[in-house]
Amino acid sequence: MLKKIMIGLLATFILLVSIPLQAAEFPTKEVQIIIPWAAGGATDLIFRALAATTGQYLGKAVVVVNKPGGGSAVGYTEGMKAQPDGYTLTSAVNPLTILPHQVKTAYTYKDFEPVINVVSDPSMFLLRSDSPWKSLKEFLDYAKKNPNMITVGNSGAGGGVHLVALAFEAATGVKFNHIPFSGGGPSVTAILGGHINAVSVSPPEGIEHVKAGKLKIIALFAEKRFEMFPDVPTVKEQGIDFVMGMWRGLVAPKGTPPDVIKKLHDAFKQGMDDPVFRKNAKDMVVNLHYLGPEAYGKLMASEHELYGKLLKEIKK
Amino acid sequence: MKRDEIIVGMVIFLFGAATALLSLRMPIGTFRMAGTGLFPLCLGILLMILSAAFVLKLFLQHKKIFTPKETIVKAPGTIKQIVLFVGTLGLATLFFNKLGYPLIAFLLIVALLRILGMKRWTWNILLSLVTAITSYFLFVQWLKIPLPKGWIGL
Amino acid sequence: MLESLQHLATGFTIAATIHNLFYCLMGTIVGTLIGVLPGIGPIAGIALLIPATFGLHPTSAIIMLAGIYYGAMYGGSTTSILLNVPGETASVITCIDGYQMAQKGRAGPALAICAIGSFIAGTIGLFGLVFLAPPLAQAALAFGPPEYFSLMVFGFVVLSNVTGASLLKALMMAIVGLIIGTIGLDPVTGDARFTFGSIYLLGGIEFVAVAIGLFGIGEVLINVEKPAGMLEQRVLIPRLRELYPTLRDIKRSIGPILRGAGIGFGVGLVPGPAPVIATYSSYMIERKISKTPDDFGKGAIEGVAGPESANNSACQAAFIPLFVLGIPFAPPTAILLGALLIHGVSPGPLMISLHPGLFWGVVASMYIGNFILLVLNLPFVPLFANILRIPKKILLPLIILFCITGMFTVNNSVFDIWVMLLLGGIGFLMRKWAYEGAPLLLALVLGPKLEVAFRQSLMISHGDFGFFFNRPISMAFLLATMIFLVIPLIRVIFKKTMKGGGRQ
């Protein structure tokens, strides 16, 4: 008896699996965004807020699904393998162009179609306010005279802000002692406690402590100054041609029809311009930076190349 | 029972040895500048030492050692029951994404109830239906957890 | 001090409006519910509800979301006691004696003492939050990598053999836990370890999968192996007057609750796996000072009251670094930080002065919330205890479905379900040969942090080991560890020379 039932169940399983999914006109159902990180991080929050405003323009709801794990590899692999029908998007952040250089991943940025870039945040170095270095010049002079002595925290080995610090080393010809932490929070805690000399971060990490006067921005790798801190010069103004930061956008699996991409792009662009989202973004201290599919694709390509070069240098 | 305990100790020893061997393939570095493999290598060696000490102690022990009470129960039919049970769990996990949550929940409960000796089909199906529907509404509809919709699309 | 009280009074006027009371109630109810369901912890719960708070005033939104967090801490022990399924790190220890109490028909008192202990500890924790927040947050900053390393070593050595069974077996399991903890990307170099080319292993093994597997699934399999006749049985059914703790239970629990609250609050301020260290420490201390240590592991109410209280006050303490430093020390507070940011409130050194209404309103709402939770939870005790009336052959499939669903929701990952099932099989075998799961889980949580802190410290000090000894806090922990290791050794040698051979 039991055997019969098991066979019956198995047969049902197989029957159900073999019936294919039906595709239909776009968008007939909700669109989901895969976030390759756990809920609560900056990327997650930004896209949750964007999903909330974009739904009305798309005509169907946009839902966020967290697929953390593997330092983002799990989420991107699933995003890549999803049906290229526009119903599954993935949030693309720097690690999409970093991780494939570090470990064997099933994907690179080339396996995705760019849809839209939403946010770009400049990276920066923070020091404690009571630190002996008053200016970027003093900081770099000391670093030059004492290679490997200044400890610079980052949010994880091979992560975005670690590579920014490495690239900055290369651009200025100094050597830092890089200390990896597990996330931006712990690295900021360590500098507040005075356990490291400097920290490489990207907003909103550490901004509150700069406002409170506990930390100061010693090097800002942006094109232009922060609105919030108009007195802080960029490194570019000080003669070092160096701009780097974190970007966050949306991509679709390769092979998604261009008209679907356009529909998605238009809806998310409207969602981005929605005053509710603009206010949310401002509250979160993130820098909205719109790029269309083509420009976004170019950005990812150049970043991919840059990170590949940087990571080769660490391995040496 | 003592023999079984020794076998378990040896399995743990092998686990430690495997860990140590695999970590030798990674950069080891020194204690001052530890490489990726250093920490696991130390752990592997430590586990080998501990399990070797454990096995040795068992050999030297002449007295009868403590026997966990769970091992006493050995009735015919229970092996088959546990194999079926675990097999069903595996199948359910395998088809979790394809069939979707509500259907898997229903089929899983039907199968497990049957294996554990629920003889009456009417009761079995009814109970499984109620469970599947309740959990579907709780998790998917109310808590909005993105459980797989699968083939039935719920 | 007086000033804080005045602020708190203002806070109560904000929190006690009908509007905010409603959201506090909602938050605590949802929190209790997701706490009861294994897998769906406060993190998922808060994340799921953030979009629902978009239209609310920030104060109401945070009141509700904070309610989910501490509400989940109340509910977290329910499945540990009834089904031996720990839903999160904090309730692993509760499984040990809580489940044994339930097996003896004392599920009611166990559940009730959890609620009472949580209430008392939560209230104590809140007092700490109100009066000590700013100085304590500064003190927490003194913990750098070397201090952290020494604390982890201390925790590891002292807590490994928390249940007091075979020391050798406990140590072996702890090392196995440490090895499992090394799976994934090396946090210092970013290289992959023991991943065998699988992307699913890159991020390491999910703690909840190991916890539910070893305890919950393992226990189910042990039951399935029993002959059919035994499956018809139910757990001992509690009689009505045994649903709530007796006076004797309360008397035995009051000490553990107060000590637990103190330990939890202290540990909760330190970044890292506070719930684990707090609950394990509390259990360890209660067992050590108990007049009847042999009762532990067989259903001692102290082993439930202490850790549960420690967990709750640690949860309140975790708000301090969040509000004062703007830095989350634990994942649930990380997501609360996100919620605050999305509502335009950036926690940090300026938060209390910039948003006094929000800060004191939320703190006051926590007092109210704790009370609501007590009133809410006690009447549920008979209901939950009656779950055990269900015959095992029906209960076991339900537990399995519960575990699988909960496991999936943690990372939306089927791979995690496989890990959970595999660990279930291992847990089943471990149970048979009397290996404990608790040391393995402790090691799994502490191990990665221990390794990172060790390597960070030596990177900062350029390979100088003296770094660990010339910093006072670090030195103190290492010294304490040494004393802890040496004393029993001396005792053993002493005994041996006196009697010529000990028991074991």
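A quick note: this is a predicted structure, and the numbers were derived from the prediction, not measured. (Residues numbered from 1 in each chain as written. Chains lettered and ligands numbered in written order. Predicted model: local features only at pLDDT ≥ 70, side-chain atom pairs only at ≥ 80, totals over all residues. Heavy atoms only, no water.)

Caption draft 1: Main features of the interface of chain A and chain C. With 44 residues of chain A at the interface, the matching set in chain C holds 43 residues. With both sides pooled, the region where chain A packs onto chain C buries about 3500 Å², and carbon together with sulfur makes up 67% of that total. When the area that chain A buries against chain C is broken down by residue, the three leading residues are Arg48, His195 and Glu208 of chain A, summing to 16%. In this assembly, chain A and chain C are joined by zero salt bridges. At the junction of chain A and chain C, the tally comes to eight residue pairs in polar contact (both at pLDDT 80 or more). Taken together, the elements giving at least two residues each to the side of chain A that touches chain C come down to α2 (42–58), β2 (62–66), α3 (73–81), β7 (177–180), α7 (184–192), α8 (207–211) and α10 (275–283) of chain A. Taken together, the residues that form the side of chain A that touches chain C break down as 20 nonpolar, 16 polar and eight charged. (Contact = heavy atoms within 4.5 Å. Buried area = accessible area lost by both parts, 1.4 Å probe. Salt bridge = Lys/Arg side-chain N within 4 Å of Asp/Glu carboxyl O. Polar contact = N/O pair within 3.5 Å; in protein donor to acceptor, adjacent residues only side chain to side chain. Helix = DSSP H or I, 4+ residues; strand = E, 2+ residues; numbered from the N terminus. Nonpolar A, V, L, I, M, F, W, Y, C, P; charged D, E, K, R; others polar.)

Caption draft 2: Here's a closer look at the sheet that holds strand β3 (residues 88–93) of chain A. Residue and element names in this part refer to chain A. In spatial order, the strands read β2-β1-β3-β10-β4-β11; together these six strands make up an open sheet with mixed pairing. Looking at which strands have only one partner, the edges of the open sheet turn out to be β2 and β11 (288–291). Here the strands of the sheet are splayed against their neighbours by 25° on average, with no regard to which way each runs. Judged from the four bridges that link them, β3 and strand β10 (residues 245–253) form a sheet pairing that is antiparallel. Note on β10: the bridge partner recorded for Ser91 is Leu250. (Pairing = 2+ DSSP bridges. Axes fitted to C-alpha atoms, helices over the stretch in contact; angles between N-to-C directions.)

Caption draft 3: Main features of the nonpolar core. Grouped together as the largest cluster of nonpolar side chains are 260 residues, with contacts concentrated most on Tyr280 and Met420 of chain C. Those residues in contact with Tyr280 of chain C that lie beyond four places of it in its chain are Val92, Ile93, Leu159, Val162, Ala438, Leu441 and Leu442 of chain C. Leu136, Leu140, Met244 and Tyr307 of chain A belong to the second largest nonpolar core, which has 31 residues in total. (Core = buried A, V, L, I, M, F, W, Y, C linked by side-chain atoms within 4.5 Å. Buried < 20%, exposed > 50% of the residue type's maximum accessible area, 1.4 Å probe, protein only.)

Caption draft 4: Broad picture of the domain arrangement of chain A. All names here are of chain A. For chain A, the assigned domains are domain 1 (30–120 + 246–315) and domain 2 (124–220). Its C-alpha centre places domain 1 at a distance of 27 Å from the equivalent point of domain 2. At the interface, eleven residues of domain 1 touch 15 residues of domain 2. By the criterion of area lost to domain 2, the three top residues of domain 1 are Met246, Val285 and Leu310, representing 47% of everything that side buries. Remark: the boundary between domain 1 and domain 2 carries zero salt bridges. Across the contact surface, domain 1 and domain 2 share zero residue pairs in polar contact (both at pLDDT 80 or more). (Domains from an automatic or database assignment.)

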